[in-house]
Amino acid sequence: MIGTVESQASASAPVLAAYSYCETVTGQQARNFAYGIRLLPTPKRRAMSALYAFSRRVDDIGDGPLPDDVKVTRLEDTRALLTRIREGEVEDDDTDPVAVALSHAATHFPIPLGGLDELIDGVQMDLRGETYETWDDLKVYCRCVAGAIGRLSLGVFGTEPGARGVERAPEYADTLGLALQLTNILRDVREDAENGRTYLPADDLAKFGCSDGFAGPTPPQGSDFAGLVHFEVRRARALFAEGYRLLPLLDRRSGACVAAMAGIYRRLLDRIERDPEAVLRGRVSLPGREKAYVAVRGLSGLDTRHVARRTVGRRA
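So, here's what we can say about the structure.

Cut-offs used in this document
Sequence positions are assigned chain by chain, starting from 1 and proceeding in written order. Whole-chain, interface and lining totals are the exception, using all residues; otherwise, since this is a predicted model, local features are given only for residues with pLDDT of at least 70 and side-chain atom pairs are given and counted only at 80 or more. Derived side-chain values reflect all non-hydrogen atoms in the structure, with water molecules and hydrogen atoms excluded from consideration. What makes a nonpolar core is a set of buried Ala, Val, Leu, Ile, Met, Phe, Trp, Tyr and Cys residues whose side-chain atoms join them at distances within 4.5 Å. Only protein chains enter the accessibility calculation, which uses a 1.4 Å probe. A residue is then buried if its area is under 20% of the maximum for its type, exposed if over 50%, and partly exposed in between. A run of DSSP states H or I qualifies as a helix once it reaches four residues; a run of E qualifies as a strand once it reaches two. Both are numbered from the N-terminal end. Only heavy atoms matter for contacts: two residues are in contact if any of them lie within 4.5 Å across the pair. All axes here are fitted lines through C-alpha atoms, helices being fitted over the stretch that makes contact, and every angle between N-to-C directions spans 0 to 180 degrees. In this scheme, a crossing is called left-handed if the near helix is turned counterclockwise away from the far one by less than a right angle; it is called right-handed if the turn is clockwise. Lys, Arg, Asp and Glu make up the charged group, whereas Ala, Val, Leu, Ile, Met, Phe, Trp, Tyr, Cys and Pro make up the nonpolar group; the residues left over, Gly among them, are polar. Reported orientations rely on four angle classes, namely roughly parallel under 35 degrees, roughly antiparallel over 145, roughly perpendicular from 65 to 115, and oblique for the rest. Here, two cysteine sulfur atoms that lie within 2.5 Å of each other are counted as a disulfide. Any Lys or Arg side-chain nitrogen found within 4 Å of a carboxyl oxygen on Asp or Glu counts as a salt bridge.

## Examining the nonpolar core
When a protein is soluble and globular, its nonpolar side chains tend to lie buried together. Counting residues in each nonpolar core, the largest one holds 98 residues, and the members touching the most others are Phe54 and Leu116. Looking at this core element by element, the count peaks at 11 residues for helix H7 (residues 135-157). For leucine 116, the residues in contact, after removing those within four places along its chain, are Leu51, Phe54, Ser55, Leu82, Leu102 and Leu152.

This is how it looks when you write it as C-alpha cells:
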C-alpha cells in the first residue's frame, strides 16, 4: 500500500531555496498544474513542484532548438542526474536547485523515481520521430510522458488508509494521465504538425480522411475532421471516467488537487468537442475565472462524492 506523508523534517535553508525555485518555475510555466497544487499542504505542494521542475527540464530539452545529437546527450546527462538523486548523492548545497528539491522530496515521500526515466524514454521517442499506427501504440508513449507523471504524483499524494480498492490506485493514476495527454494531443494538433510531429494514430487519421495532416487553419479537404475529434474525445472521456476512480482513494486535499487539474482538462475537452476546428486556428484555453471555479469545485469534494456514489452503485 502506498503511504502518506503529511510532514517533513525541518528543511535547511538551501533546500527551502531550492523548493522556492521549483515553485516559481511551476507558477510561471504550468498554470493549469499550479491551480491544482495550490490546494495541497505545503510539503506536498513543494514535492509536486520539484517533480514538475524536473519534468519540465526534460520536456524543454526535447522541445528546444538544440540539434538532436545535443538533445540526446542532454537527456543522458539528465538521466545520470536522476541516478544520483535516486542513490542519495545530491547534497543540500548542490548548485542545481531542482536536483536538491527533488532529492529532498524523494527522501520524504515514496516517489517512484523510475517514472522520470520513463519520461526521458518518451522524449527520446519524440527525438526519433516515432509515429503511432494504433491507439495501443500511442498508449505506450502516453504512459511514458503522462501516465508515469500520474504514478509519480501518487507517491506524493498517498492513499487513504483502509480505502476500498486502494491496490488499483496506480492504475487509475496512470489512466488519468493518459486522459490528460490525449486532451493535450487534441489541443496541440496543429502546433505539433508545424513541428513535424503527429501523435494521433494513423489508423484513426485514415478512418476520417485526415492522413494528409494539419498544416493549416482548416481541415484537410474532403476529411471528416469533426468526426475524428469527436471520436478521440469519446476515448478521452472514457479514460477520464476510469481515472476519476482514483479520487475516493485520496485524502481530501489531494483529491481536490487531482479533481482541479483533471477538471480543467475535461473543460478543455468540452470546448474542443463544441468547436473541433478551433484547435486548428490556435490554442484552446480556459479563462482564469473558469479555472478558479474548477479549483473551488475540487476543494468542495463534489467530484469525489460523485465518483464514490457511482462506484458504490456499480458494486450494488
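Once the structure has been displayed, the description carries forward.
## Description of the environment of glutamate 290
Structurally, glutamate 290 can be placed in helix H14 (residues 288-300). On a C-alpha basis, the gap between glutamate 290 and glycine 158 in space is 28 Å, while along the polypeptide they are 132 residues apart.

## A word on the packing of helix H1 (residues 13-29) against helix H3 (residues 42-63)
One way to put it is that H1 packs onto H3 with a least axis distance of 8 Å and a crossing angle of 65°. Considering only the axes of H1 and H3, their crossing is left-handed. Residues Leu16, Tyr19, Cys22, Glu23, Val25, Thr26 and Gln29 of H1 touch H3, and the partners they reach there are Arg45, Arg46, Ala47, Ser49, Ala50, Tyr52, Ala53, Arg56 and Asp60. Split by residue class, the contact of H1 with H3 holds 8 nonpolar, 3 polar and 5 charged.

## Some points on the packing of H3 against helix H6 (residues 114-127)
One way to put it is that H3 packs onto H6 with a least axis distance of 9 Å and a crossing angle of 15°. The angle between the axes of H3 and H6 places the two elements in the roughly parallel class. Crossing angle aside, the handedness with which H3 passes H6 is right-handed. Residues Leu51, Phe54, Ser55, Val58, Asp59 and Gly62 of H3 touch H6, and the partners they reach there are Leu116, Leu119, Ile120, Val123 and Leu127. Within the contact of H3 with H6, the residues separate by chemical class into 8 nonpolar, 2 polar and 1 charged.

## Quick notes on the state of the cysteines
Note on terminology: a disulfide is the covalent bond linking the sulfur atoms of two cysteines. Enumeration according to the criterion identifies 0 disulfides in this entry. With no disulfide of its own, cysteine 22 has cysteine 257 as its nearest cysteine by sulfur position, at a separation of 16 Å. According to the relative accessible area criterion, cysteine 22 is buried, its value standing at 0%. Free cysteine: cysteine 142, not disulfide-bonded; nearest cysteine sulfur from cysteine 144 at 9.4 Å. Using a relative accessible area of 0% as the deciding quantity, one classes cysteine 142 as buried.

## Quick word on the pattern of salt bridges
Where charged atoms of side chains with opposite charge meet at close range, the side chains can pair. In the structure shown here, the tally under the stated rule is 28 salt bridges. Here arginine 168 makes a salt bridge to glutamate 242, at a shortest N to O gap of 3.6 Å. Here glutamate 242 lies in helix H11 (residues 225-243) and arginine 168 lies in the loop between H7 and helix H8 (169-187), a separation of 74 residues in the sequence. Taking relative accessible area as the criterion, arginine 168 reaches 31% and is therefore assigned partly exposed. Glutamate 242 gets classed as partly exposed once you look at its relative accessible area, which sits at 23%. Several salt bridges converge on common partners, so that one network encompasses Glu76, Arg79, Arg86, Asp117 and Asp121.

Interpretation note: all reported values are geometric properties and have no functional meaning in isolation.
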